[in-house]
Amino acid sequence: MTIALIATGGTIACTAADDGSLVPTVSGAQLAASVSDATDESSAAVDIEVVEFRQLDSSSITLSDLDDLLAEVHRQLERTDINGVVTTHGTDSMEETALALSLFSPGTKPVVLTGAQRAFDHPHGDGPANLRAAVELAAGSQPGVFVQFGGMTIPGHAVRKQHTSNLQGFEELDVPAPARTLPLRPLAKHPVTILAAYPGAEATLVDAAAHSFAGIIVEALGSGNTSEEMGTALARALDAGVPVVISTRVPNGPTTLAYGGAGGGSTLGDKGADAAGMLRPGPARIALAASLATGVPFAELFESED
């Protein structure tokens, strides 16, 4: 059995520099060796073929990088001699990449993302154990996209980072599964920005974004509300044909667009804004870019919650 290991950098591939800062320096081959050196027979029985993709902090991954990663994952999945794919990835944007892979996954083989909260050279690093578990999951032949982290297996479309340093850094949200497999299309041609709402938020950034981006995600207050001034600017953007999706800064619960007034979610919904449901702003940005890239309406990307 052969698993493709696509290395993108992240904390799992970091070592401490002289000043104490963490820098991605560890190759995919070195990461694979940490699995090969394990005594666990199920891990040792798996051949790992390494793809040295990037050496990035995941906070720097662009839509262009993501397009390249999606293409590479698809290339590996199309190979008859590859049984599954593991991608090592930074935790900062793992949920965004996991959603992209879920939306575009052909669903024929396992695709598993993993990473670490502690650097490769940490005396009690969590990366090797996470990677071994990810390889074992990928070798199990269950198709789909998963995040394997801290002993947890989470569907890729429903994952969220919930702690900055805890070794169980991710949790599962109640996000519906993708309704279909999207055709692979470039996301980088459809840049989407995220704007945070706050009490009394001005129109300035909304007006600027409407001229510079293909779509806007709003990290709204409550169930999907903004200030009146920000809401009026979002209405202008919608009238100009710029897609707007309303998410929320609240940790739990869906965006429902229930309130009236110029900044109310219901008013913006009447103007054509979509509610993100359980998607938080980062994954909602990926979903809107995928919607724009494929022509599939945002509201049709996920299975009905009814």
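Please read all numbers here as calculations on a predicted model, not as lab measurements. (Residues numbered from 1 in each chain as written. Predicted model: local features only at pLDDT ≥ 70, side-chain atom pairs only at ≥ 80, totals over all residues. Heavy atoms only, no water.)

**Some remarks on the overall build of the protein**
Heads up, the condition is: Note on conventions: DSSP H or I runs of at least 4 residues are helices, E runs of at least 2 residues are strands, and numbering of each starts at the N terminus. This radius of gyration counts C-alpha atoms alone. The globule rule is 2.2 Å times how many residues there are, raised to the power 0.38. Think of it in three bands: residues with accessible area under 20% of the maximum for their type are buried, residues over 50% are exposed, and the middle band is partly exposed, with areas taken using a 1.4 Å probe on protein chains only. In this analysis, two residues are considered to be in contact whenever any of their non-hydrogen atoms come within 4.5 Å of each other. Charged-residue counts in this description rest on Lys and Arg as positive and Asp and Glu as negative, His and the chain ends being excluded. Charge placement uses NZ in Lys and CZ in Arg. For Asp and Glu, CG and CD serve respectively.
The number of helices and strands found in the protein is 9 helices and 14 strands. Relative to its length of 306 residues, the protein is compact, with a C-alpha radius of gyration of 20 Å against a globular reference of 19 Å. On the principal axes, the C-alpha backbone points of the protein span a range of 60 × 45 × 30 Å. Across the 306 residues in the protein, those meeting the buried criterion constitute 52%. Pairs at least 24 residues apart make up 70% of the contacts formed inside the protein by residues separated by at least 6 positions. Averaging the positions of the 16 positive and the 36 negative side-chain charges in the protein gives two centres separated by 4 Å.

**Observations regarding empty space enclosed by the protein**
Our working definition: Here a cavity denotes grid points, spaced 1 Å and computed from the protein atoms alone, that fit a 1.4 Å probe unable to get out, and a pocket denotes an open set having protein on both sides within 12 Å along at least 5 of 7 lines; residues with an atom within 4 Å of a point are the lining. Grid points are joined across faces, edges and corners, and a volume is the space filled by probe spheres set on the points. Segmentation of the chain into domains, including their bounds, is taken from an automatic or database domain assignment. Amino acids are sorted into nonpolar (Ala, Val, Leu, Ile, Met, Phe, Trp, Tyr, Cys and Pro), charged (Asp, Glu, Lys and Arg) and polar (every other residue, Gly among them).
Applying the stated criterion across every chain yields a total of 2 cavities of 30 Å³ or more. Here the largest cavity defines a volume of roughly 60 Å³. When we break the lining of the largest cavity down by domain, the ones giving at least three residues each are domain 1 (2-172) and domain 2 (192-300). Considering only enclosed or pocket space, the second largest cavity measures out at about 40 Å³ in volume. Forming the walls of the second largest cavity are Phe53, Arg54, Leu56, Ile61, Asp65, Leu66, Leu69, His89 and Thr97. Within the residue set of the lining of the second largest cavity, elements represented by two or more residues are strand E4 (47-56) and helix H3 (63-78). Looking at side-chain class alone, the lining of the second largest cavity contains 5 nonpolar, 2 polar and 2 charged residues.

**Quick notes on the pattern of salt bridges**
As a reminder of what qualifies: By salt bridge we mean one thing: a side-chain nitrogen of Lys or Arg within 4 Å of a carboxyl oxygen of Asp or Glu.
What the rule picks out here adds up to 10 salt bridges. For Arg79, the salt bridge goes to Glu49, with nearest N and O atoms at 2.6 Å. Placement of the pair is Arg79 in the loop between H3 and strand E5 (84-88) and Glu49 in strand E4, with a sequence separation of 30 residues. The exposure class assigned to Arg79 is partly exposed, which follows from its relative accessible area of 23%. In the salt-bridge network here, residues are joined through shared partners; they are Glu49, Arg79 and Asp81.

**Observations regarding the sheet that holds strand E11 (residues 192-196)**
What counts is decided by this rule: For two strands to pair, DSSP has to find at least two bridges joining them. In this analysis an axis means a line fitted to C-alpha atoms, helices contributing only their contacting stretch, and an angle means the value between N-to-C directions, from 0 to 180 degrees.
Spatially, 4 strands are ordered E11-E12-E13-E14 in an open sheet, and the strand pairing comes out parallel. The sheet terminates laterally at E11 and strand E14 (274-275), the two strands that pair on one side only. Here strand E13 (residues 244-248) runs beside E14; their pairing, made up of 2 bridges, is parallel. Residue pairing across strands places Ile246 opposite Ala275, the latter belonging to E14. Across the face of the sheet, helix H7 (residues 228-239) comes into contact with E11, strand E12 (215-220) and E13 while running at roughly 155° to E12. Packing against the sheet, helix H9 (residues 281-294) makes contact with E11, E12 and E13, and its axis sits at approximately 160° to E12.

**A word on the pairing of strand E1 (residues 2-9)**
With 8 of 8 residues buried, E1 lies mostly within the body of the structure. In the sheet, E1 pairs with E4 via 7 bridges, with the strands oriented parallel. Within E4, the position partnered with Ile6 by the bridge is Val51. Across 5 bridges, the pairing between E1 and E5 is parallel. Bridge pairing in E5 places Ile6 opposite Thr87.

**So, H3**
Each turn of an α-helix holds 3.6 residues, which means side chains three or four residues apart point in the same direction. Formally: A helix is expected to span 1.5 Å for every residue after the first.
The first and last C-alpha atoms of H3 sit 22 Å apart over 16 residues, in line with the 22 Å expected at 1.5 Å per residue. Taken as a whole, H3 has its buried residues at Leu63, Asp65, Leu66, Asp67, Leu69, Leu70, Glu72, Val73, His74, Gln76 and Leu77. In this fold, the buried residues of H3 make contact with E1, E4, E5, helix H4 (94-104), strand E6 (110-114) and H9.

**Comments concerning H9**
For H9, spanning 14 residues, the distance from its first C-alpha to its last is 20 Å, which sits close to the expected 20 Å at 1.5 Å a residue. Burial within H9 is extensive, with 12 of its 14 residues counted as buried. Those residues of H9 that sit buried are Pro281, Gly282, Pro283, Ala284, Ile286, Ala287, Leu288, Ala289, Ala290, Ser291, Ala293 and Thr294.

**A word on the UniProt feature "domain: Asparaginase/glutaminase C-terminal" (unreviewed entry) in the protein**
Going by this rule: UniProt positions are given in the numbering used here, feature names are shortened, and annotations may be inferred rather than shown by experiment.
As annotated by UniProt and renumbered to match this structure, "domain: Asparaginase/glutaminase C-terminal" (unreviewed entry) occupies residues 192-299. Counted over residues 192-299, helix gives 38% and strand 17%. Its end C-alpha atoms are 16 Å apart.

**With respect to the sheet that holds E4**
As summarised here, the arrangement of the 6 strands in space is E4-E1-E5-E6-E7-E8, forming an open sheet in which the pairing is mixed. With one partner strand each, in any of the chains shown, E4 and strand E8 (152-155) form the two edges of the open sheet. Neighbour-to-neighbour, the strand axes of this sheet turn through a mean angle of 20°, independent of strand direction. Strand direction decides the pairing type here: E5 and E6, joined by 4 bridges, are parallel. By the bridge assignment for E6, Thr88 is matched with Thr114. Those strands touched by H3 are E1, E4, E5 and E6, and its axis lies near 170° from that of E4. Of the strands in this sheet, E1, E4, E5, E6, strand E7 (144-149) and E8 are in contact with helix H5 (residues 127-138), which crosses E6 at around 170°.

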